[in-house]
Amino acid sequence: TAMPAAPDQHDVERTLVLVKPDGVRRGLSGEVLRRIEAKGYTLAAVELKQATTELLAAHYAEHEGKPFYAPLVEFMLSGPTLAVVAEGQGVIPGFRSLAGATNPTEAAPGTIRGDLGRDWGLKVQQNLVHGSDSPESAAREIGLWFPGL
Ligand code: UDP
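Fair warning: this is a prediction, and the values are worked out from it, not measured in the lab.

Attention now goes to the UniProt feature "domain: Nucleoside diphosphate kinase-like" (unreviewed entry) in the protein. UniProt's feature table lists "domain: Nucleoside diphosphate kinase-like" (unreviewed entry) at residues 12-149, given in the numbering used throughout. Span residues 12-149 is 40% helix and 17% strand, its end C-alpha atoms 14 Å apart.

As annotated by UniProt and renumbered to match this structure, "active site" (unreviewed entry) occupies His 130. With respect to the helices and strands, His 130 occurs in strand 4 (residues 129-131). The class of His 130 is buried, set by 24 C-beta atoms lying within 10 Å. Setting aside residues up to four positions removed in sequence, His 130 forms contacts with Val 17, Leu 18 and Lys 20.

Right, let's talk about unusual backbone geometry for a bit. It is generally the case that most residues other than glycine have a negative phi and that most peptide bonds are trans. Backbone geometry places Leu 128, a non-glycine residue, at a positive phi of 75 degrees. Relative to the helices and strands, Leu 128 resides in the loop between helix 6 (112-116) and strand 4. Looking at Leu 128, the number of C-beta atoms within 10 Å reads 27, which means it is buried.

Before going further, it helps to examine the sheet that holds strand 4. Reading across from one edge, 2-3-1-4 is the order of the four strands in this open sheet, with antiparallel pairing throughout. At either end of the open sheet lies a strand with only one pairing partner, and these are strand 2 (42-49) and strand 4. Strand after strand, the sheet turns through a mean of 15 degrees between neighbouring axes, direction not considered. Where strand 2 meets strand 3 (residues 81-87), seven bridges bridge the pair, whose relative direction is antiparallel. Counted as the bridge partner of Lys 49 is Thr 81 from strand 3.

Calculation notes
- Residues numbered from 1 in each chain as written.
- Predicted model: local features only at pLDDT ≥ 70, side-chain atom pairs only at ≥ 80, totals over all residues.
- UniProt positions renumbered as here; feature names shortened; annotations may be inferred.
- Helix = DSSP H or I, 4+ residues; strand = E, 2+ residues; numbered from the N terminus.
- Buried ≥ 20, exposed ≤ 12 C-beta atoms within 10 Å, placed from the backbone.
- Contact = placed C-beta atoms within 7 Å.
- Pairing = 2+ DSSP bridges.
- Axes fitted to C-alpha atoms, helices over the stretch in contact; angles between N-to-C directions.

Now the structure itself:
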């Protein structure tokens, strides 16, 4: 009887996770990594990076022109970001589920944003984490944050 084939390296789904500057400042990088690993995903790359305006313009291109765009870029430049590539079957929607809703006030308890985030009365949602929303976004964002990976 045939054994199920082990997924080839190429087929393993990967996503880009960011612990945004609020999460790094609050000392929550380890907690986010812990939740990714506790769920059963694997860390493929982890790097603390100071984002640049150019990187953020590419990363957030779809939001250019929106009212929260300028405060979002300013916030993302405010300190280092922990960039993470996480992998495993279903990790793209799986990490979005771990992260919870964009607005941390509405995010369900049990999620990263719901358990650890809140409204700080600022012009931008400081919501601790980013996770790619599709395979196309994941490939594009991993290329931006980890050129050469
Ligand atoms: N954002 C915001 N106000 C909004 C929508 C988004 O400040 O009304 C910020 C927030 O930090 C969010 C990021 O912009 O995480 C990207 O927005 P998106 O809608 O892609 O949310 P996400 O996929 O991160 O949940």
